[in-house]
Amino acid sequence: MPPLSSLRPAIRAAGRLSSVKGSESLLPKLHVPISAYVVDCAVYVDGKRLPGRWTHERALDEVRIRDNAFVWIGLHEPDEEQITGIADVFGLHELAVEDAVHAHQRPKLERYDDMLFMVLKTVCYTPQHSPEHEIVETGEVMVFLGPDFVITVRHGEHSSLSDVRAQLEADPEQLALGPAAVLHAIADHIVDAYLEVTEAIETDIEELETEVFEPRSAVDSEQIYVMKREVLELRRAVVPLGAPVRKLTEGYSSLVPHDVRSYFRDVDDHMVTVTERIAGFNELLTTLVDAALAKITMRQNNDMRKITAYAAMISVPTMIAGIYGMNFEFMPELHWRFGYPLVLLVIGFTCLGLFRVFRRNEWL
């Protein structure tokens, strides 16, 4: 089987060419096997993975003849054609399949007969702070949960579940609880990532807060708006997941046994913590925006007072020079030898007096 990395450029190239009018007759139909999108397909019996490589048909046939067995298939960004074969074998609902293919779904939990379909948003923190770069990148994980199968569909490069699978396989007792244990492990992994992202954002907000309230610091209001936008993106990914997780703790479906529901309560507690943090971030960033604008306004007022003070001092010599610049013959001290130095002294002492007054009033 060719590796996925070698197949995807051909897939994208075929997609570009097929979009050109009349190109269908010039291209052979490119068929990509289902295995190109299957990250892993494994059969678990009593919490232990059976050796060997499995197709989805053989895996399902195997678990149907065994007790306490299920199959876990992991897919990464499949298209509609590739997922149709799996959907037909496992009896997946067409609406859920459509959501899994097109992605960009809101976090939710839906029940279709004897199957659950759950959408979870994944988040990833990137430290590059620039207005055109996203601080919080999002992806999606869709989970089809049945009595004897779990199918995960991932969208995004940062949403890998290989660590989750490895941890579960290292704990057969937990994995023996069935497909619901896999759903819990995935939800717990994603919510833990939420906590990590909120901690990183909290550090960034603290730095922004220090910068805003530091005397004579240059306030980057644009960065505050960027952070506020990213917190809003995080909120859209996290907050809607609270209700689905709470349903799983309350016995929403018999596919989640009582032993697994208690684990979902811990996930729900973490969700509450993350939601409260995000709400606090939003309020704090709003306060920082107001403080930054107030600081900018204050700085502009200080600049205006300085300009006004200097204009007042400049107006004194301008006024005196304007008076003595008039062409009158009889003017005070006009023919006196010390008249000119006296006028200069008056101008100098007046400007010095104004300077001291403005300095005392902190205008300069």
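Residues numbered from 1 in each chain as written. Predicted model: local features only at pLDDT ≥ 70, side-chain atom pairs only at ≥ 80, totals over all residues. Heavy atoms only, no water.

Visitor: So, the pairing of strand S4 (residues 108-112): which residues are in play, and what are the values?
Guide: Across 5 bridges, the pairing between S4 and strand S5 (residues 115-125) is antiparallel. When the bridges of S5 are listed, Lys108 appears paired with Val119. Between the end of S4 and the start of S5, which pair antiparallel, lie 2 residues, with Asp113 showing a positive phi angle near 55°. (Pairing = 2+ DSSP bridges. Helix = DSSP H or I, 4+ residues; strand = E, 2+ residues; numbered from the N terminus.)

Visitor: Lay out the pattern of salt bridges in plain terms, naming residues and giving numbers.
Guide: Under the counting rule described, the total for this entry stands at 12 salt bridges. Residue Lys108 is joined to Glu110 by a salt bridge in which the shortest nitrogen-to-oxygen separation is 3.4 Å. The buried category is assigned to Lys108, whose relative accessible area is 19%. Classification of Glu110 by relative accessible area gives partly exposed; the value is 23%. Among the ionic pairs, Arg246 bridges to Asp268, the shortest N-O distance being 3.5 Å. Of this pair, Arg246 sits in helix H9 (residues 242-249) while Asp268 sits in helix H10 (residues 258-324), placing them 22 residues apart in sequence. The class of Arg246 is partly exposed, set by a relative accessible area of 35%. A residue is classified by how much of its surface remains accessible, and Asp268, at 12% relative accessible area, is buried. Here the salt bridges share partners, and the residues they tie into one network are Asp40, Arg49, Arg165 and Glu169. (Salt bridge = Lys/Arg side-chain N within 4 Å of Asp/Glu carboxyl O. Buried < 20%, exposed > 50% of the residue type's maximum accessible area, 1.4 Å probe, protein only.)

Visitor: Describe a nonpolar patch on the surface, and please don't skip the residues or the numbers.
Guide: A cluster of nonpolar side chains, namely Met319, Ile323, Tyr324, Met326 and Leu334, defines an oily patch on the protein surface of about 440 Å² accessible area. Position of Tyr324 among the secondary structure elements: in helix H10. Tyr324 sits in the partly exposed class, given a relative accessible area of 33%. (Patch = residues over 30% accessible without salt bridge, like charges linked within 9 Å, V, L, I, M, F, W, Y side chains within 5 Å. Areas by Shrake-Rupley, 256 points an atom, 1.4 Å probe, with all protein chains shown as cover.)

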